[in-house]
Structure formats: C-alpha cells, structure tokens
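# Fold and contact review
In case you want the letters, here they are:
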Amino acid sequence: MSEPDKDLLRKAVARGVAGLTGTARLTVVELAADGLTTFKIHRDDNGVPRGRRWSVAWTDLTVEPNRGEDARQAVLSAADAATGEVIVVCSFPDGPEAGRALEWLQEAYAAPTFTVDVPVTTLVRDVLADDPLSQSYDLVVMRPDPVTGRLVLATTPLFPIGTRPRTRTDVTVRCEPGDEYGTAFAVVTWQGREPRLLSVRSARLPPGRYEVTAELVRPGRVTFTGLPELAPDPRGWAELVQSVPSRLPPPAGPAHLICAVEVCGADAKVAERLSRAHQVITYLSGELADLLRVSLVAYGAHSFDRSAKDRPVEVAAWQATADQALDALRVLEERGAITQGYPYHPHAAQVEDMLEAVARRLDPDGAAQVVLLTVGDRPPHPARADRSRILPCPHRHDWEVLLGHLEHLPGAAFGAICDQPAEQAHPVWRRLGARTLAHLNALDLRGLAAGLGLTAPAAGRVPFPLIDETE
C-alpha cells in the first residue's frame, strides 16, 4: 500500500471515530490472509473511544464458491456491521476468500473500501490514542473560604474539548494532610451539570504547595509530574465526595516529638518497641515535614549490684530532624537491648531517670508543641521505699514530681505504646499515655497521631488538593 493510501485509510478511521456520539458505533472490518477481523469502536460515558476486536478464520467461515448464501451470511454475521458506519479494509487482495468476502460486504453495506498491506490493528490503535478530546477534563479541587474556612468542592480546567494527546498544562495546588489514601488527584468529565469520574490516583504528600504538570497521554489517561508517585485509588465518586470535611482543619504548628523507648528485656521485644518508634517518626515526618523536630531517649533497667554497670539514660538525639533521629534510631536497633537479666532489676525501668533527662533539657518557653511518647512496659522506680517492693531509684528521682512538672507545661501532650493492653498495664502507663495509650501489637498510627493532636482526625482530612481563591 502506498503512503497516500495509508493516509487516506487513517483519515477515514479518524473521521469515523470523531463522528461517534451517544451509542453510535464504528465498525472496521479487515479481510486478511488468515481470516476476517472486526473492530467495533464506540465512546464510553467519558467520551473516550474504546474498541474491541475479534477474529474468525476463513476455515471456520467456509468461504467457498459452492457454499453460496450460507457462506455470504457467515461472513456478514462475523463482520457484525449491520448498524453504524462501516469501513472495509482488504489486506490480502490476492486471496480468493478475502476477495469473495470483500464483494459480499460491499454489496451489503456500500462501505468505503481500502486495500492495505500493513496491520490494521496498529493503525486503529494509533487513531484511538491520537483522538482529540470530545469532552473537557477537569481536576477536582477544594476551594477554602478565606474568612470562614469552609471548603467548597470544585474543579479547575486541565484540558478543553479538542485537546490532542501529549498536551501539557501546569497547575499550582496546596495539599493538606490527606485521608488514609493520601491526596486524591481525580480527573472528571461532565454529564450536563454533574461530574463523571474519569480517573483517580492518590499519594501521601507532605503538606505544602506543589507545582504540578498534567499531561494528556491519550484519551482517558492523564499523568501528573511534580509529585511523588501516585498509586491507584479504588474509591468511586460517591465515596470520595463523602470524605470531604466541611471546613479546613486547624493549621499544623511546629511540634517536638520526644520518643522515649525502654531498651531492657528480651532482644525481640526491644526490637519491636524500636520498630514502633521508627514507624511513628516516619509517619509524622510525612505529615508534618519541616514542622517536626524529634528527640530520641533510650532507657534501660537499674543495676543494684556493683558487678554490673548502671547504665545511664541515653539521649540519642535532641530536637533533631526526622532523618537525623531515624539515623540515631538505627544505631539503637543494631545494638538491641542494653540491660537484661540479673543483676538488673526485673520489675521496673529507669522511667523516672528518663523523665528527669527530658525535664532538664526542655525549654519551657519553646514555641513548639511538646509530645512525650513513651514506649515500653515496666513501671518506674519510686523515689523511696514503698509497698510496691520495687527498689527505690538510686538517684532519688521522683517520677510523680517530674511527670507533674511536665504535665503543667503549656500544650504538652502525653502518649504511650505499652507492651500490655490498657486494662492490664501498670497504672503509671495511664498517665504516660494520658492522651492516647496504644497497645504495642495493635498500633493505629493515624489514630495515635490524631489523639496526640499532631494531625487532624480522620473526619477532618482533606482528600483533594486545594486551590486558593487568589489563584
């Protein structure tokens, strides 16, 4: 086939696709060396051209001269071209079966006919991929009222009708902490006044502004760059809309997270506690980004025997970035438990020493919200002998006085991850976990962070990017 013939066929198919509206169908029938192939093309509810194809071998059609009407009906039935526009393509004109089938199709449909020697499948696929948009594509956003903070579900244009594939457009958005899927980048078309979801992909994004480039790859497919990789989001339009809060959550402020981890006992248990601290820091780093500062404190058990060293509380990081704190945490993870077994005290840990170390380093006039997250199991040593029969702290630190001092700091919050369920934990853990007390084996990161006031509760999450009124 000459290039002009190929161009004519391509233009004919493109015109047929462009003319599709409503339930109309375009049928392209290829008569090849081995059989008949039918391409049935239509537009879906979003105006995207969709095609399906099927093939029938000549041997199954028995296109023989002596079969007469039976053979003719078999060909017409396989072509399935009784409705809509039809284009017939013969890619093997020298074949007797293709020649006879071509005559029958021309008689039945008076369809335009093209003779080719290239795969029609590739040509049809290319035409569908290069089809200009028959409906506009918009990005779903939220517009906050600058005075009341109320959120309005809206859209911002991406690609108007007639846009061709490989077109790009830029949009500036602002992202707040999203829901369990993160922030959804949903593209819609319009059915009258109602949006119709075309695609939705999501990612957990740190709060902030993003310069995003949207590219129309082909009809029905839009990609976004300038963001972390987006993942498929299984939600439909109704579920997405139901997750929209009525107004913006309070803006996140700077936060100082102090992770105090008990590193005495069995290695496996210590590793699990450190793993939970790792998860919390990583999660909050994604939620708060540069607003987060992290301190990491490790404490073990007291020794009351001169044969074993009484290891002091270790401040592995103080008001560090999340990445620095995670580096320090990895060192603790590699080392594992620092005190276990005799002669270290088996029923208590240096909780009181940890509280003293934190209280001594904290700036009471600091602007950041202070959150003490304690991860462990054992109670503290008392300041003096009492009915608990736990030996007093050798440094005479009074955990009740120290904790009371921290509790009176403005905005301070206390959370804990305990090895035991709340009802089985020592009573001191109810104070260490005053805001939220989680079980080591059943940690809900989102619930923990929201309970500590570091992130918005699930009901206040913003599932779509925001565009300010000034943009």
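Everything below is about the structure shown above.
This is a predicted model, so every value here is computed, not measured.

## Here's the deal with the sheet that holds strand β12 (residues 221–225)
Overall, antiparallel pairing links the three strands, which are arranged β8-β11-β12 in an open sheet. In this open sheet, the two edge strands, each paired with only one partner strand, are β8 (167–175) and β12. Neighbour-to-neighbour, the strand axes of the sheet open up by a mean angle of 30°, direction not taken into account. Here nine bridges tie β8 to strand β11 (residues 208–218), and the two strands are oriented antiparallel to one another.

## Some details on the sheet that holds strand β13 (residues 231–232)
If you walk across this open sheet you meet the five strands as β7-β6-β9-β10-β13, and the pairing is antiparallel. Because the sheet does not close on itself, it has two edges, and the strands there are β7 (151–159) and β13.

## Comments concerning helix α3 (residues 69–79)
Within α3, burial applies to Ala 71, Arg 72, Val 75, Leu 76, Ala 78 and Ala 79. Viewed end-on, α3 has its buried residues packed into an arc of 165°, placing them on one side of the element. Away from its buried face by more than 90 degrees, α3 exposes Asp 70 and Ser 77. Buried residues along α3 sit in contact with β1 (26–31), β2 (35–43), β3 (49–57), α2 (58–61) and α4 (96–109). Once α3 ends, the next one or two residues include Asp 80, with phi positive near 50°.

## A short note on unusual backbone geometry
In this model, Asp 80 sits at a positive phi of 50°, which is unusual for a non-glycine residue. Its location among the elements puts Asp 80 in the loop between α3 and β4 (85–90). Positioned with a positive phi, Arg 396 is a non-glycine residue whose angle comes to about 60°. Tracing the backbone shows Arg 396 in the loop between β17 (369–376) and α10 (399–407).

## Some points on the pattern of salt bridges
Applying the stated rule across the entire model yields 18 salt bridges. Ionic pairing is found between Arg 174 and Glu 176, a salt bridge with its closest N-O pair at 2.8 Å. On the basis of relative accessibility, which here comes to 17%, the residue Arg 174 falls in the buried class. Taking the shortest distance from any N to any O, the salt bridge between Glu 407 and Arg 431 comes out at 2.8 Å. Here the residue Glu 407 occupies a position in helix α10, and Arg 431 occupies one in helix α11 (residues 428–432), the gap between them amounting to 24 residues. Judged by its relative accessible area of 28%, Arg 431 is partly exposed. Linked through salt bridges whose partners overlap, the residues forming this network are Glu 262, Arg 273, Arg 378 and Asp 419.

## Describing the packing of aromatic side chains
What the rule picks out here adds up to one aromatic pair. With centroids separated by 5.4 Å and ring planes inclined at 50°, the aromatic side chains of Phe 185 and Phe 224 adopt a geometry described as tilted. Of this pair, Phe 185 sits in strand β9 (residues 183–191) while Phe 224 sits in strand β12, and the two are 39 residues apart along the sequence.

## Things to note about α10
Of all the residues in α10, the buried ones are Trp 399, Leu 402, Leu 403, Gly 404 and Leu 406. Considering only its buried residues, α10 is in contact with α9 (351–361), β17, β18 (413–418) and α11. Sitting at the amino-terminal end of α10 is Asp 398, which places a side-chain oxygen 3.0 Å from the backbone nitrogen of Glu 400.

About the cut-offs
- Residues numbered from 1 in each chain as written.
- Predicted model: local features only at pLDDT ≥ 70, side-chain atom pairs only at ≥ 80, totals over all residues.
- Heavy atoms only, no water.
- Pairing = 2+ DSSP bridges.
- Helix = DSSP H or I, 4+ residues; strand = E, 2+ residues; numbered from the N terminus.
- Axes fitted to C-alpha atoms, helices over the stretch in contact; angles between N-to-C directions.
- Buried < 20%, exposed > 50% of the residue type's maximum accessible area, 1.4 Å probe, protein only.
- Arc of directions from axis to C-beta.
- Contact = heavy atoms within 4.5 Å.
- Salt bridge = Lys/Arg side-chain N within 4 Å of Asp/Glu carboxyl O.
- Phe/Tyr/Trp six-rings, centres within 6.5 Å; stacked < 30°, edge-to-face > 60°.
- Polar contact = N/O pair within 3.5 Å; in protein donor to acceptor, adjacent residues only side chain to side chain.

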